[in-house]
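Coordinates in review
Residues per chain are reported as follows:
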Amino acid sequence: MINFNVPVYTNKTIEYISDVLKTGHTSGNGKYSKLCSESFKEKLHCRTAALVHSGTAALEMAAILADIKSGDEVIMPSFTFCTTANAFVMQGATPVFVDIRADTLNIDENKIEAAITPKTRAIVPMHYAGVGCEMDTIMDIAQRHKLLVIEDAAHAFDAYYKGKPLGTIGDMGCFSFHETKNITSGEGGLFVTNDECLAERAEIIREKGTNRNKFIRGQVDKYTWVDKGSSYIPSDIIGAYLYSVLEIADDIKKKRLHLWNNYHSSFAQLEEKGIIRPSFPSECEPNAHIYYLRCPDLASRTQYIDFMKSNGILCVFHYIPLHSSVAGQKYGRANGDMAVTNKVSDTLVRLPMYYNLSEDAQTKVIDKTIEFWSKR
Ligand SMILES: *Cc1c(COP(=O)(O)O)cnc(C)c1O
């Protein structure tokens with residue numbers, strides 16, 4: 001059986017976790033969490049890199065920091081994971097869905113301005129598969145309309161747009177370390193910002209709305225409840241797992257890029273069968289988070305996934321567009337035609353992609369894929 005994903009860990013993971021258990025400091029902000037945070041600040045060139053318990057938690061912090069209130073509108077793609085929207089819905093906002101580009105599958109920057117109303121507060125670009133959204137255009141729109149930009153960089157650790165790390169271009173960035181992501185601690189996330197004011201308040205929101213960190217640094221003489229907040233800090237056991245994986249981050253990226261390139265060159269011949277391979281603009285430097293193919297239609301996609309499964313290979317599809325989901329219809333609205341989103345949602349397939357995917361296993365995935373499509 002070839003799985004779709006196998007989460008990575010290293011020969012240091014258990015050692016670091018048992019170190020945490022032995023020292024007795026198992027709650028958050030411990031030794032390994034601090035090492036992770038320093039390493040992220042260096043890699044992402046950002047002022048604040050705060051570990052949180054999930055990508056969802058990072059998005060929730062961003063929504064609170066953006067002061068999102070009931071009736072506000074937040075612009076985002078419909079082709080994304082539900083927590084991109086949920087974080088804002090929980091603060092009372094209406095997610096306004098915009099269609100995606102057919103090449104990158106990212107929010108179509110040319111359709112954003114038409115979705116802006118006097119209630120719009122923020123734009124949430126999601127960098128699908130680690131390919132950067134058209135950030136220069138998005139930042140320009142945001143500046144002209146005085147909107148915040150919150151990057152959902154859940155797919156995008158160590159990926160770049162015009163040389164800048166994704167997640168650090170907008171006002172705030174949110175990363176995920178869920179087991180399906182390139183870098184993982186099972187569950188986990190990271191909140192980043194370069195803005196001093198946001199950073200100061202983020203520290204409080206992340207610490208249940210208290211000024212505990214200022215107290216620890218001796219900046220205030222008592223520790224008390226000062227703002228909204230929640231418990232967003234992961235245990236140092238998570239920090240230990242994450243740090244062990246971060247130590248091999250360069251190797252993980254190298255391996256994934258190698259697998260991605262193997263798929264891509266092997267499938268060039270499928271284009272004459274109407275299969276579309278991923279593509280990205282030259283200013284983007286992706287991280288091989290996802291390798292996908294786009295099938296001619298829903299029926300052939302279903303047959304392809306079934307064929308692969310009958311050969312012991314698990315391929316998956318996503319996303320059910322948020323604008324057509326139960327909660328999306330209740331809480332959000334689509335702005336304009338969602339033609340590309342609907343089409344991509346019906347036809348995209350993700351192939352097995354993970355650090356320990358062997359050459360033999362990948363060759364089997366490639367051979368079976370070519371076998372299926374060549375008969376059509
Ligand atoms: C994985 C993911 C998230 C949420 O991350 P969790 O760590 O699972 O909470 C948010 N947005 C996108 C686009 C994702 O893929």
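What counts and what doesn't
Residues numbered from 1 in each chain as written. Predicted model: local features only at pLDDT ≥ 70, side-chain atom pairs only at ≥ 80, totals over all residues. Heavy atoms only, no water. Buried < 20%, exposed > 50% of the residue type's maximum accessible area, 1.4 Å probe, protein only. Helix = DSSP H or I, 4+ residues; strand = E, 2+ residues; numbered from the N terminus. Pairing = 2+ DSSP bridges. Right-handed = clockwise from strand over helix to strand, strands pointing away. Patch = residues over 30% accessible without salt bridge, like charges linked within 9 Å, V, L, I, M, F, W, Y side chains within 5 Å. Areas by Shrake-Rupley, 256 points an atom, 1.4 Å probe, with all protein chains shown as cover. Salt bridge = Lys/Arg side-chain N within 4 Å of Asp/Glu carboxyl O. Axes fitted to C-alpha atoms, helices over the stretch in contact; angles between N-to-C directions. Parallel < 35°, antiparallel > 145°, perpendicular 65-115°, else oblique. Left-handed = near helix turned anticlockwise from the far one by under 90°. Contact = heavy atoms within 4.5 Å. Nonpolar A, V, L, I, M, F, W, Y, C, P; charged D, E, K, R; others polar. Near = heavy atom within 4 Å. Polar contact = N/O pair within 3.5 Å; in protein donor to acceptor, adjacent residues only side chain to side chain. pLDDT = per-residue confidence, 0-100. 1 Å grid on protein atoms, 1.4 Å probe; cavity = no way out; pocket = protein on both sides within 12 Å on 5 of 7 lines; lining within 4 Å. Points joined across faces, edges and corners; volume = space filled by probe spheres on them. Core = buried A, V, L, I, M, F, W, Y, C linked by side-chain atoms within 4.5 Å. Expected span 1.5 Å × (residues − 1).

A few words now on the pairing of strand β3 (residues 94–98). By the criterion of burial, β3 is predominantly enclosed, with four of the five residues buried. In this sheet, β3 lies alongside strand β2 (residues 73–77) in parallel orientation, the contact comprising five bridges. Bridging across to β3, M76 finds its partner in F97. Assessed by its sense of winding, the connection that carries the chain from β2 through helix α4 (residues 82–89) to β3 is right-handed.

Together, F215, I216 and Y223 give the surface a local cluster of nonpolar side chains, amounting to about 310 Å² of exposed area. Mapped onto the secondary structure, I216 falls in helix α7 (residues 212–216).

Let us now look at the packing of helix α10 (residues 298–310) against helix α13 (residues 359–374). Where α10 meets α13, the axes come as close as 10 Å, and the angle between the chain directions of the two elements is 135°. On the basis of their axis angle, the class for α10 and α13 is oblique. With respect to the hand of their crossing, α10 and α13 are arranged in right-handed fashion. When α10 is examined against α13, the residues S300, Q303, Y304, F307 and M308 are found in contact with a partner set consisting of V365, K368, T369, E371, F372 and W373. Among the residues forming the contact of α10 with α13, the class breakdown is six nonpolar, three polar and two charged.

Moving on: the sheet that holds strand β7 (residues 164–165). Strands belonging to one sheet form pairs held by backbone hydrogen bonds; the direction of such a pair is parallel or antiparallel. One open sheet accounts for three strands, arranged β7-β6-β10; its pairing is antiparallel. Taken across any chain shown, the strands that pair with only one partner, and hence form the sheet edges, are β7 and β10 (284–285). Sheet topology places strand β6 (residues 160–161) next to β7; two bridges connect them, and they run antiparallel. By the bridge assignment for β7, Y161 is matched with K164.

Turning our eyes to something else, we now look at the site of the ligand. Around the ligand, the surrounding shell holds 16 residues, and the nearest of these are G55, T56, D152, S176 and K181. T56 places a polar side-chain atom, nitrogen or oxygen, 2.5 Å from an oxygen atom of the ligand. In this structure, an oxygen atom belonging to the ligand sits 2.9 Å away from a side-chain N or O atom of H155. Alone, the ligand offers 380 Å² of accessible surface; in the complex the protein occludes 93% of this. Taken together, the elements giving at least two residues each to the shell around the ligand come down to α3 (55–65) and α4. For the shell around the ligand, the class distribution of residues is four nonpolar, 10 polar and two charged.

The next subject is the sheet that holds β3. A sheet is described by the order of its strands in space; here eight strands give the open sequence β1-β9-β8-β5-β4-β2-β3-β12, paired in mixed fashion. With partners counted over all chains shown, the strands left at the sheet margins are β1 (48–52) and β12 (333–334), one partner each. Pairing between strand β5 (residues 148–152) and strand β8 (residues 172–176): three bridges, direction parallel. The residue bridging I150 from the neighbouring strand is M172, located in β8. The sheet contacts of helix α2 (residues 31–44) involve β1, β8 and β9 (189–193), and relative to β1 the element is tilted by about 140°. Against the sheet, α4 contacts β2, β3 and β5, and its axis sits at roughly 175° relative to β2.

Turning our attention to the confidence of the model for the protein chain. With 100% of its residues at a pLDDT of at least 70, the protein chain reaches an overall mean of 97. The secondary-structure element of the protein chain with the lowest mean pLDDT is α7, recorded at 92, while β5 shows the highest, at 99.

By rolling a water-sized probe across the atoms, one finds the places where empty space is left. Here the largest pocket is characterised by a volume of approximately 790 Å³. Around the largest pocket, the lining comprises 30 residues; the ones closest to its centre are N29, E203, R206, N213 and R217. Looking at the lining of the largest pocket, the elements with two or more residues in it are α2, β1, α6 (196–206) and α7. The leading source of residues in the lining of the largest pocket is α6, at six residues. Taken as a whole, the second largest pocket spans an internal volume of roughly 430 Å³. Lining the second largest pocket we find 25 residues, and of these F81, H178, T180, K181 and Y319 sit closest to its centre.

Axis separation between α3 and α4 bottoms out at 8 Å; the angle between their running directions is 35°. Like other packed secondary-structure pairs, α3 and α4 cross with a definite hand, here right-handed. Of the residues in α4, those touching α3 at T56, L59, E60 and A63 are T83, T84, A87 and F88. Classifying every residue of the contact of α3 with α4 by side-chain character gives four nonpolar, three polar and one charged.

Another point: the nonpolar core. Formed by 49 residues in total, the largest nonpolar core has its most connected members in F40, I183 and L190. Among the elements of the structure, α1 (13–23), α2, β1, β3, α5 (135–145), β9, α8 (236–246) and α9 (249–266) are those that each provide at least two residues to this core. Per-element tally for this core: the top contributor is α8, with six residues. Among all residues touching L190, those that are not within four sequence positions of it are F40, L44, A49, A50, L51, V52, A58, G173, C174, F175 and F177.

With that settled, consider α13. Three or four residues apart is the spacing at which side chains of an α-helix point the same way, because the helix has 3.6 residues per turn. Between its first and last C-alpha, α13 extends 22 Å over 16 residues, near the 22 Å set by a 1.5 Å rise per residue. Every buried residue belonging to α13 is among A361, Q362, V365, I366, K368, T369, I370, F372 and W373, and all of these are buried. If you follow the buried residues of α13, they end up packed against α9, β11 (292–294) and α10.

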